[in-house]
Amino acid sequence: MNPSTLRIATRKSALALWQAEHVAALLRAAHPGLAVELVPMSTRGDEILDQPLATIGGKGLFLKELEVAMLEGRADLAVHSLKDVPAQLEPGFTLPAMLPRADAADAFVSNDWADLAALPHGARVGTSSLRRQAQLRALRPDLVLLDLRGNVGTRLGKLDTGDYDAIVLACAGLERLGLAARIRSRLAAPDWLPAPGQAAITIEARSDNPAALTLLAALDDADTRLAVTAERAMNHALGGSCTVPVGAWCVLSEHGLHLRGLVGDAATGRLLRAEGSSPSDQALTLGRKVAAALLDQGASDFLGL
Ligand SMILES: NCc1[nH]cc(CCC(=O)O)c1CC(=O)O
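All values reported here derive from a predicted model rather than from experimental measurement.

A. Highlighting helix H8 (residues 210-217). Taken as a whole, H8 has its buried residues at Ala 212, Leu 213, Leu 215 and Leu 216. Projected down its long axis, H8 shows its buried positions confined to an angular sector of 165°, all on one face. Of the exposed residues in H8, the ones pointing more than 90 degrees away from its buried face are Pro 210 and Thr 214.

B. Broad picture of the nonpolar core. Within the largest apolar cluster, 21 residues are counted, with the highest numbers of intra-cluster contacts made by Met 234, Leu 238, Leu 259, Val 263 and Leu 294. Among the elements of the structure, helix H9 (222-237), strand E11 (246-253), strand E12 (256-264), strand E13 (271-278), helix H10 (283-296) and helix H11 (300-303) are those that each provide at least two residues to this core. Top element by residues in this core is H10. It accounts for five residues. Counting residues in hydrophobic clusters, the runner-up holds 20 residues, among them Leu 6, Ala 20, Val 79 and Leu 215.

C. Region of interest: the sheet that holds strand E7 (residues 144-146). Strand order in the open sheet formed by five strands is E7-E6-E8-E5-E9, and the pairing between neighbours is mixed. Unpaired on one side and paired on the other, E7 and strand E9 (185-187) mark the two borders of the sheet. Here the average twist between neighbouring strands, direction ignored, is 30°. Across the sheet, helix H5 (residues 130-139) is in contact with strand E5 (106-109), strand E6 (124-126), E7 and strand E8 (166-170); its angle to E8 comes to roughly 130°. Along the sheet, helix H6 (residues 152-160) contacts E5 and E8; its crossing angle with E8, the most-contacted strand, is approximately 165°.

D. Up close: the sheet that holds strand E1 (residues 5-10). Here we have five strands laid out as an open sheet, ordered E2-E1-E3-E10-E4, and mixed in their pairing. This sheet does not close on itself; its edge strands, each paired only once, are strand E2 (35-40) and strand E4 (93-98). Here the strands of the sheet are splayed against their neighbours by 35° on average, with no regard to which way each runs. The pairing of E1 with strand E3 (residues 77-81) spans two bridges and is classified as parallel. In the sheet register, Ala 9 faces E3, and the bridge partner there is Ala 78. Sitting on the sheet, helix H1 (residues 14-30) touches E1, E2, E3 and strand E10 (201-206), and the angle it makes with E2 is about 165°.

E. Quick look at the pattern of salt bridges. Counted by the stated rule, this structure contains 13 salt bridges. Here Arg 74 makes a salt bridge to Glu 72, at a shortest N to O gap of 2.7 Å. Relative accessible area serves as the criterion here: at 39%, Arg 74 is assigned to the partly exposed category. A relative accessible area of 54% places Glu 72 in the exposed class. Residue Asp 106 pairs with Arg 131 through a salt bridge whose shortest N-O separation is 2.9 Å. With Asp 106 in strand E5 and Arg 131 in helix H5, this pair connects stretches of sequence that are 25 residues apart.

Cut-offs used in this document
Residues numbered from 1 in each chain as written. Predicted model: local features only at pLDDT ≥ 70, side-chain atom pairs only at ≥ 80, totals over all residues. Heavy atoms only, no water. Buried < 20%, exposed > 50% of the residue type's maximum accessible area, 1.4 Å probe, protein only. Helix = DSSP H or I, 4+ residues; strand = E, 2+ residues; numbered from the N terminus. Arc of directions from axis to C-beta. Core = buried A, V, L, I, M, F, W, Y, C linked by side-chain atoms within 4.5 Å. Pairing = 2+ DSSP bridges. Axes fitted to C-alpha atoms, helices over the stretch in contact; angles between N-to-C directions. Contact = heavy atoms within 4.5 Å. Salt bridge = Lys/Arg side-chain N within 4 Å of Asp/Glu carboxyl O.

Here it is, written out as structure tokens:
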């Protein structure tokens, strides 16, 4: 029997709520007569803001409470930014839909400077992402890199009060919040790589709920799924979590998939890069192949493997 109501577990940040509302609207449009409700909740990842994610346990922190709500029957699905979803999902859960991807580039955000090259010597740049730190360090070894956590609004507030000369955020998040005007320039592929899965919204649900999975799969975008599958397979083969500075960017063309990967060292700015192509039905193999090429160059030194 088909459910008449789907309840969406979501974090309470403005971005999380926007994404959950977006999915709710898409589900109502895809399934007329279906009621869709939001169940907002707080996660440990949202509450511990004074330490870098890498130290406090990584991305799973943003999912745990939402998964418990699904296990206890208080919610039927959760909506996430795919880049916050660990490469290895908790057993019993699945990702029935990957939504069409938005702009996967990072954004250089500053009130005084147009782009990274314009920053004066020794400028203070805020980001707690090791991937962003490694790429900043590679391009501009002179910069002072400072931790910066919190949701998008909090981070912009800290920039505006003068704690930083510039910060780096995801273009997708800024666009969704109506803040695209804050993007001074894009930090984009192929030189600068986003996080695996960046700019894709995903839906998580219990694997044992086939009626819900069928309804949710209506929102899946096949091309996005292929690209992010390659990126996440690469990340997984590298030990994948946000405690390691990994960038990935896969595009799909008429020739198939092309994946670029990067592993960096936030302390020194050393970057290792690899890329590869495959037919579109070989996304997992492609991800593992590019990961192997990075490991061949010595990536394990950077990853603590
Ligand atoms: N870690 C927080 C987070 N998770 C997803 C996004 C952006 C939206 C996306 O990638 O889909 C952001 C904010 C940021 O990195 O600026």
